[in-house]
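Per-entry structural report
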Amino acid sequence: MKKILLATTALVGFAGAASAEVSISGYAEMGIAGGNRGADTQFWTDANVTFSMSGTTDGGLTFGATVNLDDLTGAVGPGLAQGGESMYISGSFGKITMGDTDGALDWAAQEIGMGSAIADDHTTHAGYYANSGLDGTAGGQIARYEYSFGSFAAAVSAEIDTSIANNDVFGVGVKYSGDFGGTKVGFGLGYQDNSVRSVYAVTANATMTNGIAINVGYADLDAQVIGANDTWAGIGVGYTTGALLVQANYGSYDVLGGATVDGWGLVANYDLGGGAVVMAGYGTGDVAAGNEIGGLYGSEDTFSVGLGLSF
Amino acid sequence: MKKILLATTALVGFAGAASAEVSISGYAEMGIAGGNRGADTQFWTDANVTFSMSGTTDGGLTFGATVNLDDLTGAVGPGLAQGGESMYISGSFGKITMGDTDGALDWAAQEIGMGSAIADDHTTHAGYYANSGLDGTAGGQIARYEYSFGSFAAAVSAEIDTSIANNDVFGVGVKYSGDFGGTKVGFGLGYQDNSVRSVYAVTANATMTNGIAINVGYADLDAQVIGANDTWAGIGVGYTTGALLVQANYGSYDVLGGATVDGWGLVANYDLGGGAVVMAGYGTGDVAAGNEIGGLYGSEDTFSVGLGLSF
Amino acid sequence: MKKILLATTALVGFAGAASAEVSISGYAEMGIAGGNRGADTQFWTDANVTFSMSGTTDGGLTFGATVNLDDLTGAVGPGLAQGGESMYISGSFGKITMGDTDGALDWAAQEIGMGSAIADDHTTHAGYYANSGLDGTAGGQIARYEYSFGSFAAAVSAEIDTSIANNDVFGVGVKYSGDFGGTKVGFGLGYQDNSVRSVYAVTANATMTNGIAINVGYADLDAQVIGANDTWAGIGVGYTTGALLVQANYGSYDVLGGATVDGWGLVANYDLGGGAVVMAGYGTGDVAAGNEIGGLYGSEDTFSVGLGLSF
């Protein structure tokens, strides 16, 4: 009684007939994860299924939506609560995306990390910044408008605060991608403001023909309380050769009041083909602000080794 | 690694081979919603995926089941709890549907509302009645048997109360649909009893060739306590021309003890084709019984504007 | 807008093109369930959808993962918590399965029950043992390695306890299946230890050409507290003819301290074809240890009748 979904390539002959469609993809992780941050070394198992829906209006606008099973508990709520889904409509006017999507800062800025680890060790250490900006500070329902012109793209975004504080988040971002004699270069600049904090991030990245990739970033987080992260700077250096990717990244926060919190991550990916990738990740950093014991910033580390499986 | 599901029309050549199948459809909403009932004006985003399963026995009975992701949290429980799913078996004997399905009253009666709004404003105002009858008063696990004969169809339904009160719900419904010189006419009559309350609803609707549609309804809700809704009457008038549908509806409850609670709704839908519909909805009504402030029935309203996207 | 998934058989022509794929299957139950254990006689409705993902690496290893909607609430958590998913990688070295999967004891041993009932009455009575061994006593994240050689197969398994007790579970199992003049014979032997308890199970089963099948099992549960189940023995006798399967099973636990808890189950399945099976189940047994009223072991029974629908 099993139904098999066809891979995209098998469907070329039918594509014209399908005006609205639901495509399904899956991802699973298996391996072990450990370190001195909390849990013992333990098996790591996870699986998810994503539904990507798309269609086209009679007038040629394209639209779509994405839901995945991992976000589903949140998705059960009514439309006023952010529930892990996102949807878009797109045309010559640009593209509007709503729901669980990046604000303009995160959309424009590129993270310093590369590759994947089953427990994301290399991108969750204490010195890592994922360009989250002010996203999620007002309920997480984001609307973003973006427009591309040549090598440039720009976006504006909003997130409405329905609490009494009324701290709506607005953002703007610009990014550029180009090719200089084989070296792929990208720049990103994003800004967000919620009338309490004004944050920005600027990032640059270059991938050379010899397989070396360098990502750098700087962010001003406009801390308002002693002990909060105020500014951040980071760098990642990666190398890809054949099926292998390795990368190291380092980031450091200046905390309002004087301290520094930093950390670094290491990742190696080996592509077995067909959707299976061997992944090893490591992250270490200062104990994050608020978690220090007896006022001391010790260090903590995590690691994971396993398979990432895409279907 | 994405798999694309084919649209139905592309599959004609294979249909004979598929005796049991799972079809997938999606629906998403994006826009804004507001009003003076609770929340600020805010982004509205929602998405859902529905799995519709069907099969045929060797003897020619057809059967099927439906699950959707929005109802999934409830669907996790065991079979004795109603969990958002429904399933059926059908043959020359009629059709039996069980689970999260309409009781015979709701099955027979037609609502006065038409069209869709992303926040359902026009069908959730204080004066609206959705023919829910006594459905859900005994756990929500409903079994319904229906049978069609020509332009008529009839159904009986049951919902078993496993509480000590033992107030099982039984229902019966009859409906008719016909065509008089191009005017499509429908009537519905439903009755439910749980040994405490005996409720009924009667509805009529007509859709004329000029695009005007009129729906009317009356219900006796057999209120048992002062302040509960006792009787209801409502009317909806809609107009469809090309891709546009507009409708207004009005409904009014007589409350046991003397008061009246009424409200009206307005909806406009414009079909962009391909599954995308522009939707605007408005609803206003008296503050519902029990929500009045200082004993006063004020008024409350909600609105929403956005896109409904079907995949 | 509905998308129909093709049945496997229709896809033979495309199979070579799909290197990684997601297949979808569904299962639904409708009927009634009752008995004197808790609930009144009540409608039983349930539905589930399972996603089975599979792929092949360039080097010929096969891998896959399974998620189903019923387990989804648990699946939402991070990879360190067991969430209902399982995934595997397989090659000439054998097969490694992780996540929500059987430990080596359950993998090797065969249950005495046959057939299905919508409420599983015949396999949940007080005298039934499902070969669960020590599975789930340490969080439920299991890793199992298995290898086949001719008619034999062997497995080892582990489940890591991250609590302070550190009672990791290790298991080993062996099974055999063969054919002696048409009689299909199977043996299973499984052992698990968590440094507190050492449990084992041994099972044997034979299915004769006349349709009669006999399953027997014995388990030592190594009870550590008075009143806990210490040993178990059971037998099941089934008969299959055409579309009909009937089976009765009986099992009995010796409780540490002297008492006996036993029960029996009865099931009948009639296959309507196309995925629909009429199912009737009955189970009765002593009130399980801990549930007795006034120190007395009374008896309790459950039954269910309905349809199991596979898609």
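Residues numbered from 1 in each chain as written. Chains lettered and ligands numbered in written order. Predicted model: local features only at pLDDT ≥ 70, side-chain atom pairs only at ≥ 80, totals over all residues. Heavy atoms only, no water.

Considering the overall build of chain A
Within chain A, the regular secondary structure consists of 2 helices and 17 strands. Within chain A, buried positions represent 50% of all 311 residues. By element, 59% of the accessible surface of chain A is carried by carbon and sulfur atoms, the whole surface being about 12500 Å². (Helix = DSSP H or I, 4+ residues; strand = E, 2+ residues; numbered from the N terminus. Buried < 20%, exposed > 50% of the residue type's maximum accessible area, 1.4 Å probe, protein only. Areas by Shrake-Rupley, 256 points an atom, 1.4 Å probe, with all protein chains shown as cover.)

Details of the nonpolar core
Core analysis: the biggest nonpolar cluster contains 70 residues, and A:Phe51, B:Phe51 and C:Phe51 have the highest contact counts within it. Discounting chain neighbours no more than four positions away, the residues touching C:Phe51 are A:Val49, A:Phe51, A:Leu69, B:Phe51, C:Val22, C:Ser23, C:Ile24, C:Ala65, C:Thr66, C:Val67 and C:Leu69. (Core = buried A, V, L, I, M, F, W, Y, C linked by side-chain atoms within 4.5 Å. Contact = heavy atoms within 4.5 Å.)

Quick look at the layout of surface pockets
Residues and elements named next belong to chain B. One number sums up the size of the largest pocket: a volume of about 390 Å³. What lines the largest pocket is a set of 20 residues, among which Tyr 27, Glu 29, Asp 46, Ile 118 and Asp 120 lie closest to the centre. Contributing elements (two or more residues each) for the lining of the largest pocket: strand 2 (21-35) and strand 3 (42-56). If one sorts the elements of the lining of the largest pocket by residue count, strand 3 sits on top with 6 residues. Residue composition of the lining of the largest pocket, by class: 10 nonpolar, 6 polar and 4 charged. (1 Å grid on protein atoms, 1.4 Å probe; cavity = no way out; pocket = protein on both sides within 12 Å on 5 of 7 lines; lining within 4 Å. Points joined across faces, edges and corners; volume = space filled by probe spheres on them. Nonpolar A, V, L, I, M, F, W, Y, C, P; charged D, E, K, R; others polar.)

Considering the environment of A:Asn215
Residues and elements named next belong to chain A. In this fold, Asn 215 is placed in strand 12 (residues 212-220). When its relative accessible area of 4% is taken as the criterion, Asn 215 is described as buried. Separated by 20 residues in the primary sequence, Asn 215 and Ile 235 place their C-alpha atoms 5.6 Å from one another.

Re the confidence of the model for chain A
Across chain A, pLDDT averages 88, with 87% of residues at or above 70. Per the prediction output, this complex has pTM 0.90; the corresponding ipTM is 0.87. (pLDDT = per-residue confidence, 0-100.)

A short note on the packing of aromatic side chains
Residues and elements named next belong to chain B. Here the structure, examined in full by the defined rule, presents 32 aromatic pairs over all chains. Seen in terms of ring centroids, Tyr 129 and Trp 232 are 5.4 Å apart; in terms of plane orientation they differ by 50 degrees. Their pairing is tilted. Taken together, the residues Tyr 129 in the loop between helix 2 (104-108) and strand 7 (142-149) and Trp 232 in strand 13 (residues 229-241) connect sequence positions 103 residues apart. When its relative accessible area of 6% is taken as the criterion, Tyr 129 is described as buried. Relative accessible area serves as the criterion here: at 2%, Trp 232 is assigned to the buried category. (Phe/Tyr/Trp six-rings, centres within 6.5 Å; stacked < 30°, edge-to-face > 60°.)

Notes on the pairing of strand 4 (residues 62-68) of chain A
Side-chain positions along a regular strand alternate between the two faces of the sheet. Where burial is concerned, most of strand 4 of chain A is hidden: 5 out of the 7 residues are buried. Here strand 3 (residues 42-56) of chain A folds back onto strand 4 of chain A, and the loop between the two strands holds 5 residues, one of which, A:Gly60, carries a positive phi near 95 degrees. (Pairing = 2+ DSSP bridges.)

A look at the side chain of C:Thr302
Residue and element names in this part refer to chain C. Here Thr 302 shows up in strand 17 (residues 299-310). On the accessibility criterion, Thr 302 (10% relative accessible area) is buried. Among the polar contacts made by the side chain of Thr 302, one reaches the side chain of Asp 121 at a distance of 2.7 Å. (Polar contact = N/O pair within 3.5 Å; in protein donor to acceptor, adjacent residues only side chain to side chain.)

So, the pattern of salt bridges
Residue and element names in this part refer to chain B. In total, this model carries 3 salt bridges over all chains according to the counting rule given. Of the charged contacts, one joins Glu 146 and Arg 144 as a salt bridge, the two residues approaching to 2.8 Å between their closest N and O atoms. Overall, Glu 146 belongs to the buried group, its relative accessible area being 17%. (Salt bridge = Lys/Arg side-chain N within 4 Å of Asp/Glu carboxyl O.)

Observations regarding unusual backbone geometry
Residues and elements named next belong to chain B. The backbone of Asn 166 sits at a positive phi, close to 60 degrees, despite the residue not being glycine. Note that Asn 166 resides in the loop between strand 8 (152-159) and strand 9 (169-180). On the basis of relative accessible area, Asn 166 is assigned to the partly exposed category, the value being 45%.

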